[in-house]
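Geometric and topological summary
Now for the letters of each chain:
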Amino acid sequence: MDAKTMIETSDIPMYVPQHNEVDVFQMAFENQLPLMLKGPTGCGKTRFVTHMAEKLGRPLYTVACHDDLTAADLVGRYLIEGGQTVWRDGPLTRAVREGGICYLDEVVEARKDTTVVIHPLSDDRRQLPIDRTGELLQAPDDFMLVISYNPGYQNLLKGLKPSTRQRFVSLTFDYPKSETEQSIISKETGVDDFTVRQLVDLSNALRRLKDHDLEESVSTRLIVYTATLIKAGMDPIQACRAALIEPLSDDEEVVKALMEVVVAKLDVE
Amino acid sequence: MEEYVGQIWHKYITKAASLEFAEAKVELNDIRHTLAIQFRAFGGDLALELKDALNKDWEGKRSFLSKLASSQQKMELASVGINNLYLPKHIAIFPDKELNKKTYLWLSALLASYENSTGTNWLEDNVKSVNKTLSLFPGLRRTYRVLSQEHVKLRSKIKTLKQTEDELIIQRLLLSPDISEVSDLNLDSFNPKDIFPVPLWCDPFPAEATRIEKKLKDTQTESDIAKHEKAKKVDLRKKGEHVDDIDEKDGLMAFRLDSVFSWTEYIPVDRTADEENEDQAALAAEDIDQISVVRGSETTAGKLKFDLDLPGSDQDDITINEGIKLPEWDYRKSALQKDFCRLHTMQPRKVEKHEFSPKLREKAKRLKAQFEFLVMQKQWLKGQPDGSEIDLERFILRQADELNGQVKQDSNLYLELRQNSRSLSCLLLADLSLSTDSYVNNESKIIDMIKDSLYLFSESLSATQDRFAIGGFSSKRRDMVRYYPIKSFDEKQSKTTLDKISSLTPGYYTRMGAAIRHAANQLEKESTETKLLLLLSDGKPNDIDLYEGRYGIEDTKHAVREAFTKGIRVFCVTIDDEDNNYLPYIFGSANYIKIKRATELPEKLPKLYSLLTK
Ligand SMILES: Nc1ncnc2c1ncn2[C@@H]1O[C@H](COP(=O)(O)OP(=O)(O)O)[C@@H](O)[C@H]1O
Ligand SMILES: [Mg+2]
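On a predicted model such as this, the values are computed, not experimentally measured, just so you know.

1. A closer look at the nonpolar core
Residues and elements named next belong to chain B.
- Counting 116 residues, the largest nonpolar core has L87, W106 and W201 as its most contacted members.
- In contact with L87, not counting residues within four places along its chain, are L28, L35, L50, K51, D52, A53, A78, Y104, L107 and L111.
- Formed by 42 residues, the second largest nonpolar core is a distinct cluster that contains M449, L461, V573 and L608.

Structure below.
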C-alpha cells in the first residue's frame, strides 16, 4: 500500500472495490449525474455509498424506503410545535440545500408519488419543487442523488419504471469474487485466513442453490456476521447455523441438510 | 484363468449381498431430498437429478450374467453422468445405521467433486476424487477415516475374499489415498472386474455410459433382417398391450412416451443430426425391454402408440402461416442457434360448439364474482372528501394552515380504501402435447383439466382490467412447433374463445423453449408495466429430435432467462407430481408450483393468479 492510499483510507469506512465503481461514482458526482446501484441485498452498496461520501467530503442522507414512504417524507412537512407551525426539511431537501449526497435505498419500495420529486431532480433540470412552501430549489453542483434497487424475480408488480430507470447512470453489484470477498471478511472481522476461506467457499456453494433449494443467497453481510461471531469466540459451526444457514431457510429439512455440509467444511480436527 | 477369476468373483458378489447388515439398512428414499440438496451444496452440478443406481451386473464374465440376473444379489455403486447422479437404493454395508447414513453423505460429497479425468484409469480417478473431497471438506476427514477403516476391517473378514496383492493395494488406498502409489501400478493386470466392489468409491463402470454403449454396439451389428424381426416382435407385443393399456399407475400408455425418452437420455453419442436421432430413439425404444429387466416394466408401447396416433395431413389442424423462425439454445455449444425452429400458428380444423358442464359454469360465475372483488388491489387514497378513516397528515396540515391564517381551507380530510388501477398483461400458455391425453381419473384426462382451467381462468380474468391472452402449444421436431392463439390480448373474451378452448386436442411433443420464446415476443409488444407468462404443463420439455433430457431443459431455462431480460416473469404451473429437480432448475424455486391433484387445477389456477399479482 502506498502513502497516498494510506492517507485516503485512514478514517474513511473500509471499502474493497469490486470493479471500477469508485471511478464511475466519482465521475458521476463531478458531472452532476444521478446514479443507480443495482444488486442483491448485503453486497456492499450502502457501504460503498458511505465510503464515497466520506471520500468526496459530502454529507450523506440515507433513506431506507418502505411502502409507506411518501414524497412528503422526502421533501419535508409543516409540523405543529407549541401552537406554531414549523416547516421541517426532509432528507432530500436537506441534501439539496447543503449540497450533499442523498441515498434512497430500495427505491422501488417507496410510494409511486415519490417519482414526482425524483424525476425533476434526476434530469438536467436538477430542481426540487416544494409545493407546500412554494419554493423551487435548484440543486447545487455538489448535490448527488443515488438510488439502489434489487432486481429480483420476486418483484412482479414492483419493477422500476423505465421512465425512472433511464434517468440514472447505473452500476451493477453482485457478491464479490472469492478473493475480494475473503479480503473484505478478514479486514472487517480479523478472523484467520483459513476460516475466512472456508466460509467464503461455503457461501459460494450455497449461492448456487438460490432459486433451486433456497429462495435467497448468502450475502456478504451474513458472512461478516458469521465471522464476527466466530471472532467473538463462538463455535464456528454454531456461528454458521445462527448467521449463515438459519437466515436462509425456514425449511427444517433444508437447514439440517445444509448443516451437515457446514460440518463437512468446517469441523476440522 | 479367466474362468477361475470369474468364479471367485461370483462368490464375492453373492457374498457381498450376504455381507449386508439388514437391520442397519438405510433407504435412499428416506433421505433422497436431503442428499440431493447436499450434493448441490457440495458443489455438484445443479442440473443433475438424483436417481437410484441401476442394479448392476458388474461387468463380469458372460457366463455369470445369467446367474446374476436370476439372483437378486447385486451390488449397486454410486456414479455420476450427464443427466443424473446415481446412489444405491439402500446402503447396509455397516452394522451401524449411523455409518451407513454417513456413507450416503460421503458419497454425495465424493460425486460432487468426482471428475472422470482420465476416463480409463478408474483407480486414479477415485483416489484423486477422494483426495479432492477431503481437501475441500476437511470436516469429512474424520468421517472418511472411520468409514474406510471399518470397511477395510470387513473386507479382510470376508472368507472368500482372498487377500491377494491387488486386494491389499485396494485396502491400502482406502486407508491412505496416496496418488503416487496409483501411478506406479500396472493397471493392465489390475482389472476392476476382479476386484471386490468398493462401495466408498464411484462406479468404475458408470451405468449411464457403459450400459448403453454396449447395447448400441450390439444392436448395430445386427443385420437388417434381424432388426425387422425385432420390429415385428415389438409390434406384436404392442398389440397385446392395447388390451390393457389403461392401468392405474400410468393411465394411458401414451404417458409412457416420456419414459421412453428418459431412456434415450442415456445414449452418450453426438446427436446433432435429426435423422440420426430418430433412429437412435428407436433403438433406445427397442432397448427398453432389455433395460426393463433392470428397471421395472417400461415397454416400447408408448412410442408405437404415438406413431399410430399421428393424424393424416387431411385431418390435421390448419396451419395459418409459413412459420415464424425462432432460435434455440444448445448448451453443449453454449450458443443460441439462430432461426433453428419454425413455429406455426395453428387453428383447429373444426371449432365445435360446446357448452361446459353446468357445474363448471356455476364455478366460473362464482370465480368471476370473486375476481371482480379480489384481484383488484386495494390502496388507501389520501385526501378524500369522504372515507372510513381520518387523514391525519392532511388534518395537521390544515391545522397548520389555519394557524398561519390561511383562509381557503382543505376539506379533503379522509382516507378511503379503493381499488388501485394497475397495468398488467398476462399470457397463459398451455401444454397440449400428447402426454396430456392420459387419464387423471375414470372420467377425465389431463387435457380436460387444462381446458377447464383455461375456461375458468379466462372467465375470471375477464372480470378484471388486466389484459390477458391464451395460447396452446405442441411440437413435432424443430420445424413444426405448433402454436394455437386461442385468445389475443386485444380480443374480448367471448363465446368464440370458449369454443376454441373446447376444440383443442392433444398431440405431439413439448418443445417448451420455442413456445416460451414466441409467447414472450407477444408479451413484449404489450405496453403494460407488468408482464406475466403463466405456463401450464404436465411434464418435462421433450421432442423427437435431440430435444430431450438435458438439452431440452437447458433450452427452456434459457428461454425463461430471455423472457426475464425482456421484463417478463415466467411462472410455471405443473401437474407433474414426480419429485423432479428440473422445475427449480428451469424456473427458479419461487417461480413454479406443483399441483398434486390435477383435478384441482381448474379452480386453483385463477386463485394462484390473484395471489401472484397481489
Ligand atoms: N466491498 C466491500 N468492502 C467492504 N465491506 C463490504 C463490502 N461489501 C460488503 N461489505 C460488508 O458487508 C456488509 C453489508 O453491506 P451493505 O453495504 O450494507 O449491503 P447493501 O447495502 O448492498 O445491502 C457491510 O457492512 C460490510 O461489512
Ligand atoms: Mg408433454
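Now that the structure has been shown, we can carry on.
2. Describing a nonpolar patch on the surface
- Together, A:I80, B:I390, B:L392, B:F395, B:I396, B:L403 and B:Y414 line one region of the surface with nonpolar side chains, adding up to about 630 Å² of accessible area.
- Considering every element that reaches the nonpolar patch, the biggest residue donor is helix α15 (residues 392-403) of chain B, with four residues.
- Its location among the elements puts B:F395 in helix α15.

3. A closer look at the sheet that holds strand β4 (residues 84-87) of chain B
Residue and element names in this part refer to chain B.
- Taken together, three strands build an open sheet; the order of strands is β2-β4-β3 and the sheet is mixed. Since the sheet does not close on itself, it has two edges, and those belong to β2 (49-52) and β3 (79-80), each with one partner.
- Sheet topology note: the β2/β4 ladder contains four bridges and is parallel. Looking at β4, one finds that E49 is bridged to N84.
- Packing of helix α4 (residues 97-113) onto the sheet brings it into contact with β3 and β4, and relative to β4 it is tilted by some 150°.

4. Side note on the site of ligand 1
Residue and element names in this part refer to chain A.
- Near ligand 1 lie 16 residues; those nearest to it are V16, G42, T46, R47 and E188.
- The contact in question runs from an oxygen atom of ligand 1 to an N or O atom on the backbone of G44, over 3.1 Å.
- Within the contact set of ligand 1, an oxygen atom lies 2.8 Å away from a backbone nitrogen or oxygen of R47.
- Isolated, ligand 1 exposes 560 Å² of accessible area, and the fraction of that covered by the protein chains is 91%.
- Going through the elements one at a time, α3 (45-56), α8 (178-189) and α10 (220-231) are the ones with two or more residues in the shell around ligand 1.
- The residue makeup of the shell around ligand 1, split by class, is seven nonpolar, five polar and four charged.

5. With respect to the side chain of A:S249
Residues and elements named next belong to chain A.
- Here S249 shows up in the loop between α11 (236-245) and α12 (252-266).
- Since its relative accessible area comes to 13%, S249 is described here as buried.
- Within the structure, S249 has its side chain in polar contact with the backbone nitrogen of D251 (distance 3.0 Å).
- Setting aside its immediate chain neighbours within four residues, S249 contacts L214, V254 and V255.

6. Description of the pattern of salt bridges
All names here are of chain B.
- Tallied over the entire structure, the rule returns 36 salt bridges over all chains.
- With a shortest N-O distance of 3.1 Å, D45 and R550 are connected by a salt bridge. Of this pair, D45 sits in the loop between α2 (28-41) and β2 while R550 sits in helix α19 (residues 549-565), and the two are 505 residues apart along the sequence.
- With relative accessibility at 30%, the residue D45 sits in the partly exposed group.
- K338 is the partner of D339 in a salt bridge, and the nearest nitrogen-oxygen pair spans 3.9 Å.
- Look at D339 and you get partly exposed, because its relative accessible area is 39%.
- Beyond isolated ion pairs, a larger network of salt bridges with shared partners links E328, R511, D543 and D545.

Conventions used here
Residues numbered from 1 in each chain as written. Chains lettered and ligands numbered in written order. Predicted model: local features only at pLDDT ≥ 70, side-chain atom pairs only at ≥ 80, totals over all residues. Heavy atoms only, no water. Core = buried A, V, L, I, M, F, W, Y, C linked by side-chain atoms within 4.5 Å. Buried < 20%, exposed > 50% of the residue type's maximum accessible area, 1.4 Å probe, protein only. Contact = heavy atoms within 4.5 Å. Patch = residues over 30% accessible without salt bridge, like charges linked within 9 Å, V, L, I, M, F, W, Y side chains within 5 Å. Areas by Shrake-Rupley, 256 points an atom, 1.4 Å probe, with all protein chains shown as cover. Salt bridge = Lys/Arg side-chain N within 4 Å of Asp/Glu carboxyl O. Helix = DSSP H or I, 4+ residues; strand = E, 2+ residues; numbered from the N terminus. Pairing = 2+ DSSP bridges. Axes fitted to C-alpha atoms, helices over the stretch in contact; angles between N-to-C directions. Near = heavy atom within 4 Å. Polar contact = N/O pair within 3.5 Å; in protein donor to acceptor, adjacent residues only side chain to side chain. Nonpolar A, V, L, I, M, F, W, Y, C, P; charged D, E, K, R; others polar.

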